[in-house]
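# Close look at the chain arrangement
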Amino acid sequence: MAENNSMKRHLSANDAEPDIDFALLLAVLVEHWLLIASTAVVAMLAAISYVMFATPIYKGDALLQVEQKSSGVPGLSELNQMFEQESSTAAEIEILRSRMILREVISQLKMDIQVQPERNSLWGKMTAPDPAPPFLPRPAFAGYRDSETFIKVSAFNVPDRLLGRSFKIIEEKGQPALYFEGGLVGTAPLGKPIISEDGSVRLFITDWVFGGEPVLITRLPEIAAINRLRGMLSVQEIGKTGMLSMTATGPDKQQIKAVLDTISNVYVLQNIERRSAEAENSLAFLGKQLPEIKEKLTAAEEKLNAYRLESESVDLTMETQSVLERSVGLEAKINELKIQEGEIASRFTREHPTYQTLIRQRRSLVEEKNQLDQQIKDLPKTQQEILRLMRDVEVTQQIYVGLLNKTQELRILKAGTVGSVRIIDEALVQPAPIKPKKSLVVVIATMLGAGAAAGLVLMRSLLSKGIESPEKLEEQGVSVYAAIPLSEHQQKAERMSSLVKRRKSSKGLHSIPLLADIDPNDLAIEA
């Protein structure tokens, strides 16, 4: 029996022993070292090619602080309670990632307008970033710039059915021309809008240097732009400190910084507006009420003066003056309870003890006012009319002065309102890309290539069943009388014979040399 110097591990079909001969496995790996090394080199070269042409991804970060406190001016406790809004940090994170914030950021940075060069060749598509990083000189523009082409776009409007569809910009007679699916949409000199015939497509290019290669421009649907921005954004709380770390990744460092700064500014601004929204609504309401109350006060004063001139009555008696003061005070208290009832009704039902207490208080004041009205009926008619008119003037004047004071307080509160969040660190982009990590990618690819080749070699060896030693035959009951070693000379002769067979002519056959003729002293011949 020939003994294989490769020492492959062949398992007999009836051999149930689970033992693995690691020495044999190592010998198999050593025998196929050239295959393993070649695969590792190929994987390494593929990894080097990838890291050379892969688009580098950069990372920027900004730091925000969420303060759990209420805004307002000291001394205006009731107003402070009205504007108190303590949002949890988790809620603030969701606000930062909400469509309300991202939609405004996209609008300011024109991120729904995608501009990139058209690359027809396979090599151009392989080497081009996907998508091409936009050039953002200012937040009011979208655009693109490379070594040959430079374009800035301030507006690009298309109908909804063309959202996500690419238009082509080329040069015609020294000015940009817009095409869609091979048809001319329009052309215009630089600085003037390109408008389609039906007016549904409008493109305004503010600056442009044509490098010869057509440029593609696309207006993305709003949801696509939001999802794209949300995909590059990450927000998380640092411990339980109320500090929010906001990070963004992408191929364009300038865009990353613009995105983070704009999100921070929009977030802080909406937070301030949210906290002063009730003051703004109250001021708007008071702004409508003040002119009406002013007109009522003027009308009441005119009626009082006209009646005094008509009746030649100027002064009230002490009794009538006392009744007037009591009546005005009761009216003021009843009006105050009406305002409180409106606030309580928004929080409690009529069966709530607090609501019932307020109703009893108002009923008591109304009864007292009715009793006072009965006393007024006992006064002389002239005094009754004077009292009624003066009461209207006093009550309206108190309401008007109260509204003026409330308006001034709300203006002070609105002017002093500060948000519960602030920017601690503005956006900063790391100078080195975070991926691909070139050295790590090459090392891992090389190891994976070598490991895959080694695994394949070992798998073939383990799955290849056969007799590997005389002992295996004897275990199966087969007697072994002699072992003939494998001859290296015989192997070389057979390989040469195969080569000659492939190159043989049609005239005749070739012969396989005998080992006894070429090397009679070989150990196989002796055996």
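Residues numbered from 1 in each chain as written. Predicted model: local features only at pLDDT ≥ 70, side-chain atom pairs only at ≥ 80, totals over all residues. Heavy atoms only, no water.

## Digging into the pairing of strand E4 (residues 142-145)
Both E4 and strand E5 (residues 150-157) contribute to a ladder of 4 bridges, which runs antiparallel. Bridge pairing links glycine 143 to lysine 152 in E5. Between the antiparallel neighbours E4 and E5 lie 4 residues. (Pairing = 2+ DSSP bridges. Helix = DSSP H or I, 4+ residues; strand = E, 2+ residues; numbered from the N terminus.)

## Let's talk about the pattern of salt bridges
The final tally for this structure, using the stated rule, is 4 salt bridges. A salt bridge links arginine 103 to glutamate 222; the nearest nitrogen and oxygen atoms lie 3.1 Å apart. A residue pair is termed long-range when its members are at least 10 positions apart, and arginine 103 in helix H5 (residues 99-109) and glutamate 222 in helix H7 (residues 222-231) qualify at 119 residues. (Salt bridge = Lys/Arg side-chain N within 4 Å of Asp/Glu carboxyl O.)

## Details of the sheet that holds strand E13 (residues 243-250)
Pairing in this open sheet of 4 strands is antiparallel, and the strands run E12-E13-E2-E14 from one edge to the other. Only two strands of the sheet have a single neighbouring strand rather than two, namely strand E12 (233-237) and strand E14 (421-429). Adjacent strand axes in the sheet meet at a mean angle of 15° when their direction is disregarded. Across 5 bridges, the pairing between E12 and E13 is antiparallel. Its bridge partner lying in E13, valine 235 is registered against methionine 246. (Axes fitted to C-alpha atoms, helices over the stretch in contact; angles between N-to-C directions.)

## Brief notes about the packing of helix H2 (residues 33-53) against helix H13 (residues 438-463)
Relative orientation and spacing of two packed helices are given, respectively, by the angle between their axes and the distance between those axes. Remark: H2 packs on H13, axes separated minimally by 8 Å, with the N-to-C direction vectors making an angle of 150°. Judged by the inter-axis angle, H2 sits roughly antiparallel to H13. Once H2 is placed against H13, the crossing between them reads as right-handed. In this structure, H2 uses Leu35, Ile36, Thr39, Ala40, Ala43, Met44, Ala47, Ile48, Tyr50 and Val51 to contact H13, whose residues at the interface are Lys438, Val441, Val442, Ala445, Thr446, Gly449, Ala450, Ala453, Ala454 and Val457. By residue class, the composition of the contact of H2 with H13 is 16 nonpolar, 3 polar and 1 charged. (Parallel < 35°, antiparallel > 145°, perpendicular 65-115°, else oblique. Left-handed = near helix turned anticlockwise from the far one by under 90°. Contact = heavy atoms within 4.5 Å. Nonpolar A, V, L, I, M, F, W, Y, C, P; charged D, E, K, R; others polar.)

## Regarding the side chain of threonine 247
Topologically, threonine 247 is positioned in strand E13. Under the relative-accessibility criterion, threonine 247 is labelled buried at 15%. If near-sequence neighbours (up to four positions away) are discounted, threonine 247 is found in contact with Lys59, Gly60, Asp61, Met232, Leu233, Ser234 and Leu260. (Buried < 20%, exposed > 50% of the residue type's maximum accessible area, 1.4 Å probe, protein only.)

## Focus: the pairing of strand E10 (residues 202-209)
The side chains of a regular strand alternate between both faces of the sheet. Bridge count between E5 and E10: 7 bridges; the pairing is antiparallel. Residue pairing in the sheet places lysine 152 in a bridge with aspartate 207 of E10. Strand direction decides the pairing type here: strand E9 (residues 194-195) and E10, joined by 2 bridges, are antiparallel. Counted as the bridge partner of isoleucine 194 is leucine 203 from E10. Linking E9 back to E10 in an antiparallel pair, the connection comprises 6 residues, with glycine 199 at a positive phi of about 80°.

## Here's the deal with the nonpolar core
Nonpolar side chains tend toward joint burial in soluble globular proteins. Formed by 32 residues in total, the largest nonpolar core has its most connected members in Leu96, Leu229, Met246 and Ile263. Elements with a contribution of two residues or more to this core: strand E2 (58-66), helix H4 (89-96), H5, H7, E12, E13, helix H8 (253-275) and E14. Counting residues per element, this core draws most heavily on H8, at 7 residues. Dropping the residues within four chain positions of it, leucine 96 is found in contact with Leu64, Ile101, Leu102, Leu233, Val235, Leu244, Met246, Ile263 and Tyr267. In terms of nonpolar packing, the next biggest core, distinct from the first, is built from 22 residues, Ala142, Tyr144, Ile169 and Phe180 among them. (Core = buried A, V, L, I, M, F, W, Y, C linked by side-chain atoms within 4.5 Å.)

## Observations concerning the packing of H5 against H7
Interaxial distance between H5 and H7 falls to 10 Å at its minimum, and their mutual angle equals 100°. When the axis of H5 is compared with that of H7, the two are roughly perpendicular. Between H5, through Arg99, Leu102, Arg103, Val105 and Ile106, and H7, the contact on the second element is made entirely by Glu222, Ala225, Ile226, Leu229 and Arg230. When grouped by side-chain class, the residues that make up the contact of H5 with H7 number 6 nonpolar, no polar and 4 charged.

## Thoughts on the sheet that holds E4
The strand order across the open sheet built from 4 strands is E4-E5-E10-E9, with neighbouring strands paired in antiparallel fashion. Only two strands of the sheet have a single partner each, and these edge strands are E4 and E9.

## Things to note about H8
With 23 residues, H8 extends 34 Å from end C-alpha to end C-alpha; this agrees with the ideal 33 Å at 1.5 Å per step. Measuring from the side-chain oxygen of the N-cap residue of H8 to the backbone nitrogen of glutamine 254 gives 3.0 Å; that N-cap residue is aspartate 252. (Expected span 1.5 Å × (residues − 1). Polar contact = N/O pair within 3.5 Å; in protein donor to acceptor, adjacent residues only side chain to side chain.)

## Notes on the packing of aromatic side chains
Following the criterion strictly, the structure yields 3 aromatic pairs and no others. Each ring, one from phenylalanine 156 and one from phenylalanine 167, has its centre 5.5 Å from the other, and the planes form 85°; the classification is edge-to-face. In this pair, phenylalanine 156 sits in strand E5 while phenylalanine 167 sits in strand E6 (residues 166-172), placing the two residues 11 residues apart along the sequence. Residues phenylalanine 156 and phenylalanine 167 agree in their burial class; the two are buried. Seen in terms of ring centroids, tryptophan 208 and phenylalanine 210 are 5.5 Å apart; in terms of plane orientation they differ by 50°. Their pairing is tilted. Members of the aromatic cluster, joined through ring pairs, are Phe156, Phe167 and Phe180. The aromatic ring of tyrosine 58 is capped on one face by lysine 253, whose charged end is 5.1 Å from the ring centroid. (Phe/Tyr/Trp six-rings, centres within 6.5 Å; stacked < 30°, edge-to-face > 60°. Lys NZ or Arg CZ within 6 Å of the ring centre and 35° of its normal.)

## Some thoughts on the environment of methionine 100
Relative to the helices and strands, methionine 100 is located in helix H5. Judged by relative accessible area, which is 47%, methionine 100 ranks as partly exposed. When the C-alpha atoms of methionine 100 and valine 266 are compared, they prove to be 9.7 Å apart, with 166 residues separating the residues in sequence. Once residues lying within four places of it in the same chain are set aside, the contact partners of methionine 100 are Ile95 and Gln270.

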